[in-house]
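Notes for the structure review
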Amino acid sequence: MITISRRRFLALTGGLLATGCTASRATKTPDAVPGSTTTTTSTPTTTGVVTTIATPPEVAAGDRVLVLVELRGGNDAVNTLPPLTGAYRDMRPTIALPEADVVLTGSLPGHGLHPSLAPLTTFAESGRLAALAGIGFPDPDRSHFVSMDRWARADRLDEQAGWLGRWLDSLPDDLTALGATSLGSRGDVLSGAVRNPTVIDDVDAFAFPADLSNASIRLLGDPLSEDPLLAAAQRAFVDSVGAIEEFDAIADAVRAKAADRPADDLGQQRGAFSTGLAVAAEMILGDVGTRVVTVSVAGFDTHSDQLATHADLLADLADGLTGFWATLDAAGEADRVLLATTSEFGRRVRENASSGCDHGAAGVSFLMGSSINDGLHGALDTSNLLDGDLQAQIDPRVLFTACLDWLGGDVEQILGRRYDDITLLA
Amino acid sequence: MVDAMDTRQAVGWLHRRAGFGLHPDDLDAAVARGTDAELGRLLAPPEARPDPWDGLDLDPMDGGRIEAIVAWLARMITTTTPYADRRTWNLHGWLVSSMDKVNQPIMMVDQIRMFMAQGGASMPELLRALTTDRAMLVYLDGRTSTGEAPNENYGRELLELFALGVGNYTEDDVLAAARALTGWVANPRGDESIFVRFRHDDAPQVLLGVNGVHDVDTVIDAVVNDPAHPRFVARRVATDYLGDLPDDVLPDVLDDLASTYTAAGMELDPVIARALRLGLDGATVPIVAAPIPWLVTCMRACGVPFQRALRSARNALREMGQIPLVPPSVAGWPSGAEWFTSSSLVARTNVAAAVAGETAAGQPVLVAAADGDLDRLAEHLALPEPFSAGTRAAIRSAPDPTARLALALVCPENLLS
C-alpha cells in the first residue's frame, strides 16, 4: 500500500504536508550512489577562452558557478535605479519615489537605489555590485513573450535552445543532475537542444512516493521510444531519479532553509527570491556539482498599484541576495560565484492612470561577485526617450558574454560573436 | 499523424482530447455505440447542468479561493457533459485571467460561468463579453484605464494573445484599442461592469486600418474582421485538439478550420467539430496532457469520487504546475514537453500514487493491475497502444496492485493524449 504518500496527498493543507513528506523520505534509500559528481571538477577543455579573461587564479573555471535571477514580468528600471536628474519625477506624479527615500551610494553616480534595495549598498561600496543601466536589445519589442524569448535565446530566435542551454549542450561531459538547476518555474534560458536543467519548484515535495522505488521509475525510460514526446517524458523520469538521488545529500540543509517560508492559501510560497536564493546557496556549498542555477520570480508586471507590489518584490530580492552572499562568505566560497539579474524589459517612464506603468524597453540588470568591474555601466537617460521608453545602451549579450566567460564557455559559438564593448569581469 | 484508428482507439481519442476520458465501463459502452454515434453524442447540445458553485460562500478571506477551484475540479471529474466542460477548460487557458491578481473568487467564477454559457457560440460576442468582464477588467487593468492615461495591458493582450497574434498589429493599434476601451470599471458590490463616461476617451481611433473605432463594439468589430483573426482561432483550436501538426499538413488544416470558422458566422463549436473530424481522419499528433486534464482523466478512469480529498489537494496541484483559476501568466500554461520538468513529473507521480491509493478494490483498473493483465489495463485507460516494454517492466517491478496502478497512471504513454 502507498500509505504515506496517500496520507500526504490528503493532508496537503498544512503542517502535515511537511511531516508526511519527511516521513516518506526518511524511509527511502537511493538505489545507487550517483557516480557522476566528479565530472564538474574536471578542467574545462576550452582553455583558450579561459586564458583570455582575468579572474582570480585560485578559482578554476570548472569550479565557477553562475546564478541567474530572473525578474519576470518586466521590472521597472527607473524605480529600481531612480535617476537623480531629468524628467523622472515630472513623468511620474504618483509613483516616483520620494526624493528623501531614494538610497544614495557614491558608486552609482547620477542614480539612487529603491529604498527596498538599501541592503545592496554594502555590496556597491565594497566593489561587489555593478548596475547595467539601460540594458536591452536594439529594436525592442513590448510583448512579454517576444522579449522573454529574445533574452532566453540571446536574440537568436532561429535557435530553440536558450543561451545557457547551448552552453550545456557544448560541454564534453554531462554535468551532474543538479549541475544545471532551475528553481521556481522552468528557465527557458537553461533549456538546451540535448540537455535540460533539473527544475525544482518546491524542495519539500521533491521526492518520489515511498512505495515506488527509484529503480521502478528508472525502468520507465528503457528502451527509449522513437516518439519524441514519449522519449522526452522517459528522459525526464530518468533525470528526475538522478536529481532526487543527488538532492538527498543536501535535502536536509536545503529544507531547513526553506522551512520557515510560509505559503498562502493557494500554496504559493511567500518570499520566492529569498527562498530560492537560500536553496541556491546550499546547493553551491553542497558539493553536488552545481554550475548554473536560475531563480525565477514573477510579479513584476506592475501595470497598476505599483508602489507596494514593487517594494515588496525588491525587498524580498534584497533579502535573498544578502542572505545568499552571507552564506557563501561564511563558507569562504563567494569567489566561486557570479550572479546576475535579468528581466525581459523595463517599463514605460511615464506612469499610466492606474498608479503603474506599461511595458517599456531598456531596463536594468545587476551583476554581483568579487571579480567584476563594479559600479555603474550605462545610465537611465530620461532625456532621450524613444516612444516614451528608455533607449538601450548596453546589449544584453554584453552581460551574457561575461557570464559565459565566467563559465569558460565558447562565446563565439554560443552567441555568434563576442559582445565585449564593456568588460564586466575584472 | 496516425494510421487509421479502430473504433476503440477512435472513441478513446475523442474522449481524451475533447473530454476528460471515461470510466472503463462507460468506455466499453461508447465503443459499442461506434465512432460516429459517439462523436454525435459528444457534440450534442448539453442538457441543463447544475452550477458547480451554487450555494458556495466564495469569501476570499474564508477559503473562497480554494472552494472555487475545488468546485470546478469536482465538476470536471463528475461531468456528464465532457465536451462542453473541456471546451470551458480550454477557453480558460486561452482567454486568460488569474485569481492571483483578481482576488475576488466570485469574479473569476463568473468569468468561467460566461465561458460555460456561451463558449461554443459566437466568438465576437464572447470577446465583447470578455472585454467588459469584471475579472478581466481587474486582471488586465481595464478598470483603471482612463482617457487621460490609458492602460495598454488589455488592448495589447487582446491583439497578441486573444485574437490576432504577434506580427498582426502595431504599437499604434495597441494604443488605439486601449483608448477606445477606456471607461469600464468593475463594480465590486454588484455583479456587473459599469461604463463611466467621463473616464472614457470617445475620440475616433484608427485600429487595424479601420477608422472611427471608439468603443467596445467597434474595437471587437475591427479585431474579428481583421484577416489574421480566423486563422488565429484555427491555430488555437488545432493546437488544443490536434496537437502541433507537422508542416506538411498544418497549412491545409488551418485553411480548412479558418474557412469553417468564417462560414459558421464565427462560431467556435463548428470549428472544434471540424477539427475532431479531421483528427479522426488522421490529422492528429500526440499532445502532452496538462496536469489538470491528466488528473481528471485518471480519476474518472479509476472511479475515484474525490470531492472530499480534492479540498486539500491544492499543494499537489501547485507542485504539478497547474491550479485552475490561477494560470501563471496571461499567456496561460506551458505546453508540450515543457510539462516534463523534474518538478512536475515528481509531483504527478505522487498524485498518481494518491489516486491509486483511493481506488476501490473492485474497480476495473485495479482488477487488471492485480491480475497482471497489462493489455487490459492500457485499454481501460483508453491508451491508443499497449504499454511499452519499459513501462511493462516498471509496472511489473512494483510490489503491489496499487503501486502498479500508480505507475500505469503516470507512465509516459498516459501523460500523452
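Residue positions within a chain follow its written sequence, with the count starting from 1. Going through the entries in the order they are written, you letter the chains from A and number the ligands from 1. A pLDDT threshold of at least 70 governs which residues receive local features in this predicted model, and a stricter bar of 80 or more applies before side-chain atom pairs are shown or counted, although totals over entire chains, interfaces and linings include all residues. Only hydrogens and water are set aside when side-chain values are computed; all heavy atoms of the structure are taken into account.

**Some words on the overall build of chain A**
- We count a stretch as a helix when DSSP gives it H or I for four or more residues in a row; a strand needs E for two or more, and each element gets its number in order from the N terminus. The helix and strand tally for chain A stands at 15 helices and ten strands.
- Any residue under 20% of the maximum accessible area for its type is buried, any over 50% is exposed, and the rest in between are partly exposed; the area is computed with a 1.4 Å probe on protein chains only. Per-residue burial for chain A yields a buried fraction of 58% across its 426 residues.
- In chain A, once contacts between residues fewer than 6 apart in sequence are set aside, the share between residues at least 24 apart is 72%. We call two residues in contact when some of their heavy atoms are within 4.5 Å.

**Re the nonpolar core**
- Val67 and Phe324 of chain A together with Leu95, Phe162, Trp294 and Phe387 of chain B are the most contacted members of the largest nonpolar core, which totals 218 residues.
- In terms of residues, this core owes the most to one element, helix α10 (residues 228-248) of chain A, which gives ten residues.
- Note that domain bounds follow an automatic or database assignment of domains. Here this core gathers at least three residues from each of two domains, domain 1 (1-30 + 204-260) and domain 2 (45-202 + 269-415) of chain A.
- Residues within four places of Leu95 of chain B in sequence aside, it is in contact with Gln111, Phe115, Met123, Leu126, Leu127, Leu130, Met136 and Phe162 of chain B.
- Among buried residues, those of type Ala, Val, Leu, Ile, Met, Phe, Trp, Tyr and Cys that are joined through side-chain atoms within 4.5 Å constitute a nonpolar core. Residues Leu68, Trp167, Leu171 and Phe400 of chain A belong to the second largest nonpolar core, which totals 38 residues.

**Focus on the interface of chain B and chain A**
- Between chain B and chain A, the contact holds 72 residues from the first and 59 residues from the second.
- Two parts placed together each lose some accessible area under a 1.4 Å probe, and the buried area is that loss summed for both. Taken together, both faces of the contact between chain B and chain A bury some 5600 Å²; the carbon and sulfur share is 61%.
- A carboxyl oxygen of Asp or Glu within 4 Å of a side-chain nitrogen of Lys or Arg is what we treat as a salt bridge. Run the count over chain B and chain A and you get four salt bridges.
- Arg318 of chain B is the salt-bridge partner of Asp201 of chain A, the closest N and O atoms lying 3.0 Å from each other.
- Polar contact is the term for a pair of N or O atoms within 3.5 Å; when the atoms are in protein, one must be able to donate a hydrogen and the other to accept it, and sequence-neighboring residues count only if both atoms are side-chain atoms. Joining chain B to chain A, the criterion identifies 18 residue pairs in polar contact (both at pLDDT 80 or more).
- Those elements that provide at least two residues to the side of chain B that touches chain A are α4 (64-78), α9 (153-163), α17 (314-320), α18 (342-358), α21 (389-397), α22 (401-410) and α23 (412-415) of chain B.

**A closer look at the side chain of Ser182 of chain A**
Residue and element names in this part refer to chain A.
- Looking at the element boundaries, Ser182 is found in strand β5 (residues 180-183).
- Looking at Ser182, the relative accessible area reads 0%, which means it is buried.
- In this structure the side chain of Ser182 is engaged in a polar contact, spanning 3.2 Å, whose partner is the side chain of Thr294.
- Other than its neighbours up to four places away in sequence, Ser182 contacts Gly187, Leu190, Pro197, Thr198, Val199, Ile200 and Thr294.

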